[in-house]
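# Observations on chain architecture
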Amino acid sequence: MTAISLRGLRKRFGALPVLDGIDLEVPEGSVYGLLGLNGAGKTTLLRLLMGFLRPSGGEGDILGHSLGGLDTALRRRIAYVPERPAFYESMRVGELMRFVAALHPAWDQTVADGYIDAFGLPLGRRARALSTGMRTQLALVLALATDPELLVIDEPAAGLDPVHRRRYLQVLLEASAVPTRTVLLTSQDLGLVERACDHFALLHERRIQVAGPLTEILDAERRLVVQAPAEAGAALGALAGVRSVRPEPHGFLVTGRVDERLVQGVPGVRGIQAYGLSLEEIFWSYVEG
């Protein structure tokens with residue numbers, strides 16, 4: 001079962017293409033990290049999912065409903081935490097909690113109180129007096145207390161100091177452990193994605209470049225040091241799954257989802273040394289071309 005399914009989704013702002021054929025499957029119960037550089041279109045994709053923007057083409061489903069069909073009942077099953085949360089600035093933290101509780105039949109005050117205590121948020125402080133870290137934490141508390149089936153977070157913990165970031169990540173990991181909950185988050189923080197997510201996708205140049213279970217991708221991606229003459233470079237670059245071939249003093253550095261048996265079959269190859277890639281290395285191997 002999938003919580004989110006996108007097929008050829010496109011978005012243009014005037015003549016500017018931002019997303020160009022997004023295909024993505026987010027399994028139910030997964031913690032899915034969407035990686036990408038600034039300006040890659042991650043926030044635009046989330047806003048399309050939430051119905052704040054209309055797609056320019058393609059189609060998709062969210063919790064079994066077509067994009068654009070988010071009625072009140074469906075929206076109550078989804079919690080969205082933007083990168084820069086907006087509150088009624090004159091309200092105190094306790095007042096904001098009561099305000100949101102009145103809008104959500106599934107509101108769980110016990111959950112809200114527990115996370116308020118975990119973050120040490122002051123109930124009597126007005127929203128305008130909260131620090132950036134406190135605002136980010138409060139937005140997560142308000143989202144989790146509605147018991148969402150789908151939790152969508154744009155750049156969690158962005159700009160937080162180490163103490164606030166650690167507390168935020170602890171709460172996020174706890175909230176993600178609910179079996180019936182799907183979490184989709186965008187981030188540039190590779191460490192956060194590697195620790196919190198079991199699936200990830202890389203959005204670059206308006207498309208999803210790689211997507212799937214994190215462990216499977218880490219197992220499949222390789223960097224090979226290939227001992228071969230210079231004339232073997234073109235044949236290596238033509239192999240299935242190869243993303244880059246870089247000349248080295250005694251051969252080539254080959255990166256990608258590469259079958260070593262195919263590499264061994266290239267005329268002139270004398271030897272191969274294989275290494276796994278970290279998530280950071282995979283990210284940069286796609287982004288840097």
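Description of the structure in this document. (Residues numbered from 1 in each chain as written. Predicted model: local features only at pLDDT ≥ 70, side-chain atom pairs only at ≥ 80, totals over all residues. Heavy atoms only, no water.)

A count of helical and extended segments in the protein chain gives 11 helices and 14 strands. Each of the three principal axes of the protein chain carries a C-alpha extent, and together these read 70 × 40 × 35 Å. Taking all 289 residues of the protein chain together, 47% fall into the buried category. Computed over 31 positive and 33 negative side-chain charges, the inter-centroid distance for the protein chain is 7 Å. (Helix = DSSP H or I, 4+ residues; strand = E, 2+ residues; numbered from the N terminus. Buried < 20%, exposed > 50% of the residue type's maximum accessible area, 1.4 Å probe, protein only. Lys, Arg positive; Asp, Glu negative; His and termini not counted. Charge placed at Lys NZ, Arg CZ, Asp CG, Glu CD.)

Moving on to the sheet that holds strand S2 (residues 16-27). Ordered in space as S2-S1-S4-S5, the 4 strands form an open sheet in which the pairing is antiparallel. Pairing within the sheet leaves two strands with one partner each, and these edge strands are S2 and strand S5 (65-66). In the sheet, strand S1 (residues 2-13) pairs with strand S4 (residues 57-62) via 5 bridges, with the strands oriented antiparallel. In the strand pairing of S4, Arg7 is matched with Glu59. Where helix H1 (residues 42-49) meets the sheet, it contacts S1, S2 and S4, and its direction lies at approximately 115° from that of S1. (Pairing = 2+ DSSP bridges. Contact = heavy atoms within 4.5 Å. Axes fitted to C-alpha atoms, helices over the stretch in contact; angles between N-to-C directions.)

The 4 strands lie next to each other as S12-S13-S11-S14, forming an open sheet whose pairing is antiparallel. Strands at the two margins of the open sheet, each flanked by one partner only, are strand S12 (242-248) and strand S14 (271-276). On average, each strand axis in the sheet is tilted by 20° relative to the strand beside it, whichever way the strands run. In this structure, strand S11 (residues 222-227) lies alongside strand S13 (residues 251-256), joined through 6 bridges in antiparallel fashion. Across the sheet, the residue bridging to Val225 is Leu253, located in S13.

Moving on, we get to unusual backbone geometry. What you tend to see is this: most non-glycine residues have negative phi, and most peptide bonds are trans. Look at Glu155: it is not a glycine, yet its phi comes out positive at around 55°. Within the element layout of this structure, Glu155 appears in the loop between strand S7 (150-154) and helix H6 (162-176). Relative accessible area serves as the criterion here: at 10%, Glu155 is assigned to the buried category.

So, about the pairing of S11. Sheet topology places S11 next to S14; 6 bridges connect them, and they run antiparallel. Looking at S14, one finds that Arg222 is bridged to Gly276.

Turning to the side chain of His204, a few remarks are in order. Within the secondary structure layout, His204 lies in strand S9 (residues 199-204). We classify His204 as buried; its relative accessible area is 11%. One polar contact links the side chain of His204 to the main-chain carbonyl oxygen of Val287, over a distance of 3.4 Å. (Polar contact = N/O pair within 3.5 Å; in protein donor to acceptor, adjacent residues only side chain to side chain.)

Within H1, 6 of the 8 residues are buried, which leaves the element mostly enclosed by the surrounding structure. All buried positions along H1 are accounted for by Lys42, Thr44, Leu45, Leu46, Leu48 and Leu49. Looking at the residues trailing H1, positive phi occurs at Gly51, about 85°.

The geometry of an aromatic ring pair is captured by the separation of the ring centres together with the interplanar angle, meaning the angle of the planes. Scanning the entire structure with this criterion turns up 3 aromatic pairs. Considering the side-chain rings of Tyr88 and Phe99, the 5.4 Å spacing of their centres and the 80° angle between planes classify their relative orientation as edge-to-face. Within this pair, whereas Tyr88 is found in the loop between strand S6 (78-81) and helix H3 (93-101), its partner Phe99 is found in helix H3, the two being separated by 11 residues in sequence. You can call Tyr88 exposed: its relative accessible area is 51%. (Phe/Tyr/Trp six-rings, centres within 6.5 Å; stacked < 30°, edge-to-face > 60°.)

Interpretation in functional terms is not warranted from these geometric data alone.
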